[in-house]
Amino acid sequence: MIEFHLDTRSGVPPYQQIVQQVRHALRLGLLEVGDQLPTVKEAVAAMAINPNTVLKAYRELEHLGLVAARPGIGIFVAKTLGDHSLAAHGPLRQDLMRWLAKARRAGLDDESIEAIFRDVVRSASAEGVA
Amino acid sequence: MTVALEANGLGKRYGRIWGLSDCTLAIPAGRVVGLVGPNGAGKTTLLHLAVGLLQPTTGSLSVLGGRPGTTSAQLARIGFVAQDAPTYTGLSVGDHLRLGAWMNPSWDARLAEERLGRLGLDPRRKAGQLSGGQRAQLALTLAVAKRPDLLVLDEPVASLDPLARREFLKGLMEGVAEHGASVILSSHIVADLQRVCDYVVVLVDSRVQVAGDIQELLATHHRLTGPRHARGALPGDLLLIGESQTDRQSTLIVRTDGPILDPAWTVEQLDLEDLVLAYMTHPREHERRPHLEIHR
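Residues numbered from 1 in each chain as written. Chains lettered and ligands numbered in written order. Predicted model: local features only at pLDDT ≥ 70, side-chain atom pairs only at ≥ 80, totals over all residues. Heavy atoms only, no water.

Trainee: Would you take a moment to explain the overall build of chain B for this structure?
Mentor: Helix and strand counts for chain B stand at nine helices and 13 strands. Referenced to the eigenvectors of the C-alpha coordinate spread, the extents of chain B come out at roughly 70 × 40 × 35 Å. Expressed as a percentage of the 296 residues in chain B, the buried residues total 51%. Pairs at least 24 apart in sequence give 69% of the contacts found in chain B among residues at least 6 apart. If you sum the accessible surface of chain B, you get close to 14000 Å²; carbon and sulfur atoms cover 51% of it. Charge separation in chain B, taken as the distance between the mean sites of 31 positive and 32 negative side-chain charges, equals 5 Å. (Helix = DSSP H or I, 4+ residues; strand = E, 2+ residues; numbered from the N terminus. Buried < 20%, exposed > 50% of the residue type's maximum accessible area, 1.4 Å probe, protein only. Contact = heavy atoms within 4.5 Å. Areas by Shrake-Rupley, 256 points an atom, 1.4 Å probe, with all protein chains shown as cover. Lys, Arg positive; Asp, Glu negative; His and termini not counted. Charge placed at Lys NZ, Arg CZ, Asp CG, Glu CD.)

Trainee: Please clarify how the pairing of strand β8 (residues 199-204) of chain B should be interpreted in this entry.
Mentor: Along any regular strand, the residues point their side chains to alternate faces of the sheet. All names here are of chain B. Judged by how many residues are buried, β8 sits mostly within the fold: six of six residues are covered. Burial along β8 is two-sided: the residues Tyr199, Val201 and Leu203 and Val200, Val202 and Val204 are all buried. Of the strand pairs in this sheet, strand β3 (residues 32-36) and β8 are connected by four bridges, and their pairing is parallel. Looking at β8, one finds that glycine 34 is bridged to valine 200. (Pairing = 2+ DSSP bridges.)

Trainee: Mind showing me how you'd approach the interface of chain A and chain B here?
Mentor: Contacts between the two partners involve 17 residues from chain A, matched on the other side by 18 residues from chain B. Contact with chain B buries surface across chain A, with Lys41, Ala48 and Asn50 of chain A losing the most and accounting together for 35% of the total. At the junction of chain A and chain B, the tally comes to one salt bridge. The partner of lysine 41 of chain A in a salt bridge is glutamate 178 of chain B, with the nearest N and O atoms 3.1 Å apart. (Buried area = accessible area lost by both parts, 1.4 Å probe. Salt bridge = Lys/Arg side-chain N within 4 Å of Asp/Glu carboxyl O.)

Trainee: Is there a simple way to think about the confidence of the model for chain B in this case?
Mentor: Should pLDDT be low for a region, the predicted coordinates there are not to be read in detail. All names here are of chain B. Across chain B, the average pLDDT comes to 88, with 96% of residues at or above 70. A low-confidence stretch, residues 286-296 (pLDDT under 50), is modelled with 20 contacts involving residues beyond four sequence positions or located in other chains. Overall fold confidence (pTM) sits at 0.80, and the ipTM for the predicted complex is 0.72. (pLDDT = per-residue confidence, 0-100.)

Trainee: When you look at helix α3 (residues 93-103) of chain B in this model, what are you seeing that I'm missing?
Mentor: Spacing of three or four residues puts side chains on the same side of an α-helix, whose turn is 3.6 residues. Residue and element names in this part refer to chain B. Within α3, burial applies to Val93, Gly94, His96, Leu97 and Gly100. For α3, the arc enclosing every buried residue in end-on projection is 155°, short of the 170-degree limit, so these residues lie on one face. Seen from the buried face of α3, the exposed residues on the opposite side, beyond 90 degrees, are Arg98, Trp102 and Met103. Among the structural elements, α4 (109-119) and α5 (132-145) are those in contact with the buried residues of α3. (Arc of directions from axis to C-beta.)

Trainee: What's the story with the sheet that holds strand β2 (residues 17-28) of chain B in this structure? I'm lost.
Mentor: Backbone hydrogen bonds hold the strands of a sheet together, and the pairing may be parallel or antiparallel. Residue and element names in this part refer to chain B. Spatial ordering of the open sheet is given by β2-β1-β4, a layout of three strands whose pairing is antiparallel. What marks the edges here is a single partner per strand, and that holds for β2 and β4 (58-63). Pairwise comparison of adjacent strand axes, ignoring direction, gives a mean angle of 20° for this sheet. Inspection of the sheet shows strand β1 (residues 3-14) paired to β2 by eight bridges, in the antiparallel sense. Note that in β2 the partner of lysine 12 across the bridge is leucine 20. (Axes fitted to C-alpha atoms, helices over the stretch in contact; angles between N-to-C directions.)

Trainee: Just to check I follow, could you spell out the packing of helix α4 (residues 89-105) of chain A against helix α5 (residues 110-126) of chain A for this structure?
Mentor: A pair of packed helices is captured by two measures, namely the crossing angle of their axes and the spacing between those axes. Residue and element names in this part refer to chain A. Between α4 and α5, the shortest axis-to-axis distance is 10 Å and the interhelical angle comes to 130°. Compared by their axis directions, α4 and α5 come out oblique. For the pair α4 and α5, the crossing hand works out as right-handed. Between α4 and α5, the contacting residues are Leu96, Trp99, Leu100, Ala103 and Arg104 on the first element and Asp110, Ile113, Ile116 and Phe117 on the second. Among the residues forming the contact of α4 with α5, the class breakdown is seven nonpolar, no polar and two charged. (Parallel < 35°, antiparallel > 145°, perpendicular 65-115°, else oblique. Left-handed = near helix turned anticlockwise from the far one by under 90°. Nonpolar A, V, L, I, M, F, W, Y, C, P; charged D, E, K, R; others polar.)

Right under this line is the structure:
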């Protein structure tokens, strides 16, 4: 079971924060297939937020195929994210570290590095590479 | 979609002063509605009209499809917690529950006892000995246990400390999750509204400034910053909510459905607090706000 939290200063709509927190937990392996998510009432009680917000987040997760509702019982994880790729994280991280060192030697600051990274990810997905 | 509250040209006059004027609203059912506005804006007047404690001077008001306060069936469907959560000082917590059971045909005794148990409120304690937070929780329990279709709460958390406030809102949201009532609550603490509400009504100077789904409002309101000379070149379908100028820069709060493509302007998202403050700082006088005037 995971616990949700709400950042009212972030500007991200509350339901998207819940979706992101579930995706994050799936990616990190904190949630696995068959795990139950907090019930709407539990989530509402933990965060003091509107039940419609939780319902909207759960509908979105269901639409993404990540969770499935078992009527009368609760919401369960149906799919994990990145389970096969976990082993590849280490080497990829090292590659990125090397690239980062190169970028720093070339005189780029963190902001420029992040901008390049985001830009490449965006244009790569636009071209259908990634 | 069913409507929880519908007002048409609703107004209430106290002597020579209008407490609420020309209020036209349609609040869908199943929402948690935040009613915001400065002190004296007419929030309490609107809520008292909604529960039937006041009669309108002009216009019409329908709550859950009926005129407020006219029949006992109508009264039974609305739960109301007045400002500062009044309780009977000399009566015990248990007496309050017995009174509730007596006076409300749809009273849910199990729900009331369970809630008080969860809150750790001893039924033998006198209401006068409770803390502000406990008293508010007792008043909320009474309102929820009659299993209303609409809960109306006037400044329910204003006098509570942050912990009691959070506990109260948790209790309220749990009640909504379990029983699906519509809620209208007034408050001037926007951070709380941001958590619990999905619909907002901004009331200033006895008039409704804006009302709508919070996500929709946030998606259509923007803060634009740009050079002052670009001010005249903005498209005419923008609704100007507020603006401030320096000798070089203009900062505008606008409402528009379309994207703002002019590269001269930096477009930023607003949060609920910015949005509410923009309407409170620049309240409109008339029903129709003039469109953005273009002058160079």
